[in-house]
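Reading the structure
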Amino acid sequence: MRLAARPLFLLSLLSLPLLGAAAEVDSLAVEGDHVRAVPPGSATTAAFMTLTNAGETDLALVEGASPLAGRLELHNHVMVDGVMQMRRVEAIPLPAGETVRLAPGGWHLMMFELAATPVEGERVELTLTLDNGETMTLEAPVQRVQPMAMDMSGDDQGH
Ligand SMILES: [Cu+2]
């Protein structure tokens, strides 16, 4: 039952320190993390954020997980024969000194097998794993996200 299941994976705001959505692991800063609000019954959604590697060592995001999603994949959009398609990738590179945006039409965290519908205003726990073994956990707010115009023609809509 959807409503009963929700507290298992959506965090209680009362139990959280008031740190905001940003998180930091050593040299990596996360800003603007959010999960796309989707219509009830949707099987998938996506998470977006801006990652800045302020250190001197190249990093890569190699894994993501969330209690909301039975499966989470790293995705990118690529142009194939003039058509934008989503592709699973093994890693999202985070070069030293650079800022990488996970945004509609580009890199994103694809969330499958949703345990419930993420509703605007809620927060969703996301755990990111880097190639150096470090992990960070975010509490990403659920927000409405405009799909990229090119997504509208295919079944990749909204990712
Ligand atoms: Cu995707």
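These numbers come from a predicted model, not from an experiment.

**Regarding the overall build of the protein**
- For the protein, the count of helices and strands is 1 helix and 11 strands.
- Secondary structure of the protein in N-to-C order comes out as α-β-β-β-β-β-β-β-β-β-β-β.
- Here the protein holds 159 residues, and 27% of them are scored as buried.
- Across the protein, contacts joining residues at least 24 apart in sequence account for 70% of those joining residues at least 6 apart.

**Things to note about the pairing of strand E4 (residues 59-65)**
- Looking at chain direction, E4 and strand E7 (residues 92-94) are connected through 3 bridges and run antiparallel. Along E7, the bridge assignment pairs Leu61 with Ile92.

**Some details on the confidence of the model for the protein**
- With 75% of its residues at a pLDDT of 70 or more, the protein shows a mean pLDDT of 83.
- Across residues 11-22, confidence stays below pLDDT 50; counting only partners more than four residues off in sequence or on other chains, it has 13 contacts.
- Long-range and interchain partners of residues 149-158, a stretch whose pLDDT sits below 50, account for 17 contacts in this model, where long-range means more than four residues apart.

**Some details on the pairing of strand E9 (residues 108-114)**
- Alignment of strand E3 (residues 45-53) against E9, held across 3 bridges, turns out to be antiparallel. Each bridged residue has a counterpart across the sheet, and for Thr45 the counterpart in E9 is Met111.
- With 6 bridges connecting them, strand E5 (residues 69-80) and E9 associate as antiparallel partners. Opposite Glu73, over in E9, you have Met110 as the bridge partner.

About the cut-offs
- Residues numbered from 1 in each chain as written.
- Predicted model: local features only at pLDDT ≥ 70, side-chain atom pairs only at ≥ 80, totals over all residues.
- Helix = DSSP H or I, 4+ residues; strand = E, 2+ residues; numbered from the N terminus.
- Buried ≥ 20, exposed ≤ 12 C-beta atoms within 10 Å, placed from the backbone.
- Contact = placed C-beta atoms within 7 Å.
- Pairing = 2+ DSSP bridges.
- pLDDT = per-residue confidence, 0-100.

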